[in-house]
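The residues making up each chain are set out below.
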Amino acid sequence: MFIDSHAHLDTPHFDADRDAVITRAREAGVAAILTLGVDGASSQRAVALAQQYEGVFAAVGIHPHEAQHATPEDYKALMGLARAREANRIIAWGEIGLDYHYDHSPRDVQRREFRRQIRMARELDLPVCIHSRDAHDDVLTILDEEKAIDVGVVMHCFSGDEEVARRSLDLGFYISFAGPVTFTNARKLPAIVPLVPDDRLLIETDAPYLSPHPWRGREHRNEPARVAIIAARVAELKGVNTEAVGQLATENFKTLFKVPSTW
Ligand SMILES: [Zn+2]
Ligand SMILES: [Zn+2]
């Protein structure tokens, strides 16, 4: 059994065959998929998908790329969705964070909207899903200052070095591995997997992005069924079997996101 702790099922990449994608995930043993919003509209779509498909859960939030476009109305709508979390099957706030690689929004705006959303998540008692690209110092500092640990934190698609991993773990965060851990040219990431304790490890696809090896390049679109490939690679690096990784990731998913058993 697996979980996919981070995907974007609402994107147009899946419009033609979304049912088949979700069926394939179930057939591959993926019991739960967290689909995340990146802006107001995609957060609404994430909720609609979670309501439509069993085993799909939603997160709402504004991605750092979109930070400069977020309006007070967007935040009001997201808060409204999250207050009715059970009806809307919302288990997290995200994805949020900082991206100094693309700089699609000015950095000061990214930081301001990041802090704002951590405070909202704390008010709602929802764990936060963190995007950090070439911005690890600021991300960890802000998460620490805003006491994000009170609600729970996962560093999604972890891309830091050993020191960033240790700091994240010291702060009490979960670390989630995605397709890059399978890449044949991955250099630093494989060494980080064994540093992550069993009770802090998560796996994800970030579908439709970041297809794992050997699909990278061949079939550009990624999908949740391929989280099994990530689990197999993580298992290999930990020296355990794939089922064990699937099992502990599933337990961690339930713990971090406090998934109600009635869902
Ligand atoms: Zn991301
Ligand atoms: Zn994402």
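Located above this text is the structure these notes cover.
Each value, and the rule that gives it
- Residues numbered from 1 in each chain as written.
- Chains lettered and ligands numbered in written order.
- Predicted model: local features only at pLDDT ≥ 70, side-chain atom pairs only at ≥ 80, totals over all residues.
- Heavy atoms only, no water.
- Helix = DSSP H or I, 4+ residues; strand = E, 2+ residues; numbered from the N terminus.
- Rg over C-alpha atoms; globule rule 2.2 N^0.38 Å.
- Buried < 20%, exposed > 50% of the residue type's maximum accessible area, 1.4 Å probe, protein only.
- Areas by Shrake-Rupley, 256 points an atom, 1.4 Å probe, with all protein chains shown as cover.
- Lys, Arg positive; Asp, Glu negative; His and termini not counted.
- Charge placed at Lys NZ, Arg CZ, Asp CG, Glu CD.
- Expected span 1.5 Å × (residues − 1).
- Contact = heavy atoms within 4.5 Å.
- Donors = N, O, S within 2.8 Å, 3.2 Å for Na, K, Ca; no water.
- Tetrahedral: all angles 85-135°; square planar, octahedral: opposite > 155°, others 65-115°.
- Phe/Tyr/Trp six-rings, centres within 6.5 Å; stacked < 30°, edge-to-face > 60°.
- Lys NZ or Arg CZ within 6 Å of the ring centre and 35° of its normal.
- Axes fitted to C-alpha atoms, helices over the stretch in contact; angles between N-to-C directions.
- Parallel < 35°, antiparallel > 145°, perpendicular 65-115°, else oblique.
- Left-handed = near helix turned anticlockwise from the far one by under 90°.
- Nonpolar A, V, L, I, M, F, W, Y, C, P; charged D, E, K, R; others polar.
- Arc of directions from axis to C-beta.
- Salt bridge = Lys/Arg side-chain N within 4 Å of Asp/Glu carboxyl O.
- Polar contact = N/O pair within 3.5 Å; in protein donor to acceptor, adjacent residues only side chain to side chain.

Peer 1: Help me understand the overall build of the protein in this model?
Peer 2: Looking only at helices and strands, the protein features 10 helices and eight strands. Relative to a compact globule of 263 residues, whose C-alpha radius of gyration would be 18 Å, the protein shows 17 Å and is just as compact. When each of the 263 residues of the protein is scored for burial, the buried share is 56%. Just so you have it, the protein exposes about 11,200 Å², and 48% of that area is on carbon and sulfur atoms. The centroid of the 30 positive side-chain charges in the protein is displaced by 1 Å from the centroid of its 39 negative side-chain charges.

Peer 1: For this particular structure, what's the right way to read helix 3 (residues 72-83)?
Peer 2: An α-helical turn contains 3.6 residues, so any two residues separated by three or four positions project in the same direction. Under the 1.5 Å per step criterion, the end-to-end length of helix 3 is 16 Å for 12 residues, consistent within 8% with the ideal 16 Å. For helix 3, the elements touching its buried residues are helix 2 (40-52), strand 3 (56-60), helix 4 (85-88), strand 4 (90-99) and helix 5 (107-124).

Peer 1: What am I meant to see in the coordination of the zinc ion (ligand 1) here?
Peer 2: Ideal donor angles around a metal are set by the shape: a four-donor tetrahedron calls for 109.5 degrees, a six-donor octahedron for 90 or 180 degrees. For the zinc ion (ligand 1), every protein donor is listed as Glu 95 (OE), His 131 (ND1) and His 156 (NE2), and the spread of their distances is 2.1 to 2.3 Å. Mapped onto the sequence, the residues coordinating the zinc ion (ligand 1) show the spacing E-x35-H-x24-H. The metal-metal distance between the zinc ion (ligand 1) and the zinc ion (ligand 2) is 3.4 Å, with Glu 95 coordinating both. Of the two residues, Glu 95 is situated in strand 4 and His 156 in the loop between strand 6 (153-155) and helix 7 (162-170); the sequence distance between them amounts to 61 residues. Assigned by exposure class, Glu 95 and His 156 land together as buried.

Peer 1: Teacher, can you tell me more about the coordination of the zinc ion (ligand 2) here?
Peer 2: Protein-derived coordination of the zinc ion (ligand 2) comes from His 6 (NE2), His 8 (NE2), Glu 95 (OE) and Asp 206 (OD), at a distance range of 2.0 to 2.5 Å. What the four donor atoms of the zinc ion (ligand 2) show is an angle range of 90 to 176 degrees at the metal, which sorts the shape as irregular. Donor residues for the zinc ion (ligand 2) sit on one chain with the sequence pattern H-x1-H-x86-E-x110-D. According to the relative accessible area criterion, His 6 is buried, its value standing at 0%. Here Asp 206 falls in the buried class, since its relative accessible area comes to 9%.

Peer 1: Where do I start with the packing of aromatic side chains in this structure?
Peer 2: We describe a pair of aromatic rings using the distance from one ring centre to the other and the angle between the two ring planes. Considering all chains together, one arrives at two aromatic pairs under this definition. Plain terms: the ring middles of Phe 57 and Phe 253 are 6.4 Å apart, the flat faces sit at 50 degrees to each other, and that makes the pair tilted. Note that Phe 57 is positioned in strand 3 and Phe 253 in helix 10 (residues 242-257), a separation of 196 residues in sequence. For Phe 57, a relative accessible area of 4% gives the class buried. For the pair Phe 253 and Phe 257, a centre-to-centre distance of 4.9 Å together with 65 degrees between the ring planes defines the contact as edge-to-face. Here Phe 257 and Phe 253 lie together in helix 10, a separation of four residues that amounts to about one turn. There is no split in this pair, since Phe 253 and Phe 257 are both buried. Directly above the ring of Tyr 100 sits Arg 107, whose terminal nitrogen or CZ lies 4.2 Å from the centroid.

Peer 1: Would you take a moment to explain the packing of helix 2 against helix 3 for this structure?
Peer 2: Two quantities define a packed helix pair, namely the angle between the axes and the distance from one axis to the other. Viewed as axis vectors pointing N to C, helix 2 and helix 3 meet at an angle of 15 degrees, and their least axial separation amounts to 10 Å. When the interaxial angle is binned, helix 2 and helix 3 end up roughly parallel. The hand of the helix 2/helix 3 crossing is left-handed. Residues Gly 40, Ser 43, Gln 44 and Val 47 of helix 2 lie in contact with helix 3, whose contacting residues are Asp 74, Ala 77, Leu 78 and Leu 81. In the contact of helix 2 with helix 3, the residues fall into four nonpolar, three polar and one charged.

Peer 1: Looking at this model, I keep getting lost on helix 6 (residues 136-145). Mind explaining?
Peer 2: Those residues of helix 6 lying buried are His 136, Val 139, Leu 140, Ile 142 and Leu 143. Down the axis of helix 6, the sector holding all buried residues measures 165 degrees, keeping them to one side. Each element contacted by the buried residues of helix 6 is listed here: strand 4, helix 5, strand 5 (128-133), strand 6 and helix 7. Once helix 6 finishes, Lys 147 follows within two positions and takes phi at roughly 55 degrees, a positive value.

Peer 1: Is there a simple way to think about the side chain of Arg 200 in this case?
Peer 2: Here Arg 200 is to be found in the loop between helix 8 (189-192) and strand 8 (201-203). No salt bridge is formed by the buried Arg 200, whose closest oppositely charged neighbour, Asp 199, lies at an N-O distance of 4.4 Å. Of the polar contacts made by the side chain of Arg 200, one reaches the backbone oxygen of Leu 169; its length is 3.0 Å. At 3.1 Å, the side chain of Arg 200 and the backbone oxygen of Phe 173 are in polar contact. Contact partners of Arg 200, with chain neighbours within four places excluded, come to Leu 169, Gly 172, Phe 173, Tyr 174, Ile 175 and Asn 252.

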